[in-house]
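Read off the chains here:
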Amino acid sequence: MKKLGNILYVTTPEAYLSLDGENVVVKRDDTTAMRLPLHNLENIVCFNYPGVSPALMGACAERNIGLCFLRPNGRFLARVTGRQKGNLLLRKKQYELSQCESACASIATSMVLGKIANCRTVINRAIRDHALLVDVSELRATSDFLKQMLQSVQAGATVETLRGLEGNAASRYFRVFGQLVLHQREAFAFEARTRRPPQDNMNALLSFLYTLLTYEVASALETVGLDPYVGFLHADRPGRPSLALDMMEELRPVLADRLALSLVNRKQISGKGFTQKESGGVLMDDRTRKEVLVAWQKRKQEEILHPFLKERIPFGLLPHVQASLLARYVRGDLDAYPPFFWN
Amino acid sequence: MTTTYSPEELLPLSGIQHFLFCRRQWALIHVERQWQENALTAEGRILHTRVDDPSFTEKRKGVIVARSVPVASTSLGLFGVCDVVEFSESAQGVHLPGYQGTYLPAPVEYKRGKKKLEPSDEAQLCAQALCLEEMLAVSIPVGYLYYGQVRRRVTVELTEALRDRVRRAAQEMHTYFQRGYTPKVKPFKGCKSCSLADICLPRLQGEAMPASAYIRQQIERG
């Protein structure tokens, strides 16, 4: 399996990146702060204002290194893409499938199954590991409910009903999510998922992790030649990376939700790292963001056994592996899209 | 039965070595347009940035050395760039614009490693020679492979058997390309050094169970 490359996160607002030979050079006040060979890099994620030299953009495009710009607060701004990857035949097939109700339903079924099963794993692990700290009967009830949902999803449904089932499952899951916060329960109290803006610390943390994940999934899809904007479960909407959002469904519990809980429960971050603005919206401070990024990177190095490929891969490769599998399904090499099931 | 290809139909000549290494690898690169670099391909790329200098042509001891020479063949349906073409003074040669006398061309292809067991490098070199022959109306008896790792030059005789291999491969490449077809995986020992292994997923077919069965199994495990 491919080697998980490093991601360079540039969080210093005034840093400027340029190219020197085969290296990326990070400059601050005209002095070189860092120099890294491009060779091992997979992505560069910038939270800085001055940006990146055109030469470096070109080098990244040539070498398949993702380059994306986020606002200092983590909102997505832009992504540099080079010549379009992949085959137009693959994209045409993707567009064709996206117009076909039964094909959409089949792919969306896989994705929703993956999502619900993985949410269930998050809950089941809490029951297993922390039976004394959580309300076991309530969690068990949610887990059973999700299990039933899996049956309903599998029974065959339209995209419309799948969206309904997914929504139901998500709200049931988030109803007990707050219980999985075992420490710092006040600072990270969680009632329900809120966004635009997130209204509490936990939601702010989740939103940030989802943004990181969206970017990584979108660039993985692009790498294998799929169009991240044309989805099967999420409806088309200009400017929305629907396919990236589709594929995120199954990965969110594994990569984002579980990490958010660990960061809080291990007290790697604290409530002090967040500020509630007058509107009720919550912002994360720079230090916390850095802490989260470091944990995110570390998490991605951990290995898991992919139950379909039967290969050990780092967590960080999941978006890439799932994108490849989806492309293989779209091309007709597989009889269904196999989602990632976290066991 | 000779077909000629239009300029739009030409395929990259460098693909022939991928094609002979693994047809699926070729299709992933040229049909599906996917590419992934690894250490080996990066070394090759860097080696070539040194070789490629189209403005550099020199004449030494009666031999004209031209670099980055664009070539194409409408009968093979291939186009590409020769790293180096050496033109030696020879009675069997052709006139070159700007030079006195007649010259016989010989392509030289630079490779990062050392001589391989499979003759895919020879085939690429031969394809370049076939292009040159077509463009210059001359017959080219030999070409050279220069291996960077061992710093050694190997003479390659452009035999009829080798030429045949190249013609057949080119034809097959066009058939696949027109169909937009990617052959299925046939795992072999070359998969280990292939930079596209993670895109190809060589274990996907054969060993893995059908995806639908996998989904059912995972859901049923509770």
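Residues numbered from 1 in each chain as written. Chains lettered and ligands numbered in written order. Predicted model: local features only at pLDDT ≥ 70, side-chain atom pairs only at ≥ 80, totals over all residues. Heavy atoms only, no water.

- By the naming in an unreviewed UniProt entry, chain B is CRISPR-associated exonuclease Cas4, taken from Litorilinea aerophila.
- Quoted straight from UniProt, the Sequence similarities (unreviewed entry) entry for chain B says "Belongs to the CRISPR-associated exonuclease Cas4 family." (UniProt positions renumbered as here; feature names shortened; annotations may be inferred.)

- An unreviewed UniProt entry lists chain A under the name CRISPR-associated endonuclease Cas1, from Litorilinea aerophila.
- Annotation of chain A in UniProt includes, under Sequence similarities (unreviewed entry), the sentence "Belongs to the CRISPR-associated endonuclease Cas1 family."
- According to its UniProt record, chain A has this under Subunit (unreviewed entry): "Homodimer, forms a heterotetramer with a Cas2 homodimer."

### Focus on helix α3 (residues 101-129) of chain A
Then, number 1: End to end, α3 of chain A covers 42 Å across 29 residues, agreeing with the expected 42 Å (1.5 Å per residue, within 8%).
Then, number 2: A large share of α3 of chain A lies buried, amounting to 22 of its 29 residues. (Helix = DSSP H or I, 4+ residues; strand = E, 2+ residues; numbered from the N terminus. Expected span 1.5 Å × (residues − 1). Buried < 20%, exposed > 50% of the residue type's maximum accessible area, 1.4 Å probe, protein only.)

### What to know about the domain arrangement of chain A
Residues and elements named next belong to chain A.
Then, number 1: For chain A, the domain assignment lists domain 1 (6-80) and domain 2 (88-331).
Then, number 2: When each unit is reduced to the centre of its C-alpha atoms, the spacing between domain 1 and domain 2 is 27 Å.
Then, number 3: Domain 1 puts 17 residues into the contact, and the matching count from domain 2 is 17 residues.
Then, number 4: At the boundary of domain 1 with domain 2, total buried surface from both sides reaches about 1300 Å², with 56% on carbon and sulfur atoms.
Then, number 5: For domain 1, the biggest contributors to the area lost against domain 2 are Tyr9, Thr11 and Arg79; these three give 40% of the whole. (Domains from an automatic or database assignment. Contact = heavy atoms within 4.5 Å. Buried area = accessible area lost by both parts, 1.4 Å probe.)

### Topic: the sheet that holds strand β2 (residues 16-20) of chain A
Residues and elements named next belong to chain A.
Then, number 1: Read from one edge to the other, the open sheet built from four strands follows the order β4-β3-β2-β6, with strand pairing classed as mixed. Every interior strand has two partners, whereas the edge strands, β4 (31-37) and β6 (51-52), have only one.
Then, number 2: As paired strands, β2 and strand β3 (residues 23-28) are joined by five bridges and run antiparallel to one another. Residue pairing across strands places Leu17 opposite Val26, the latter belonging to β3.
Then, number 3: The strands touched by helix α1 (residues 54-62) are β2, β3 and β6; relative to β2, the strand with the most contacts, the crossing angle is about 65 degrees. (Pairing = 2+ DSSP bridges. Axes fitted to C-alpha atoms, helices over the stretch in contact; angles between N-to-C directions.)

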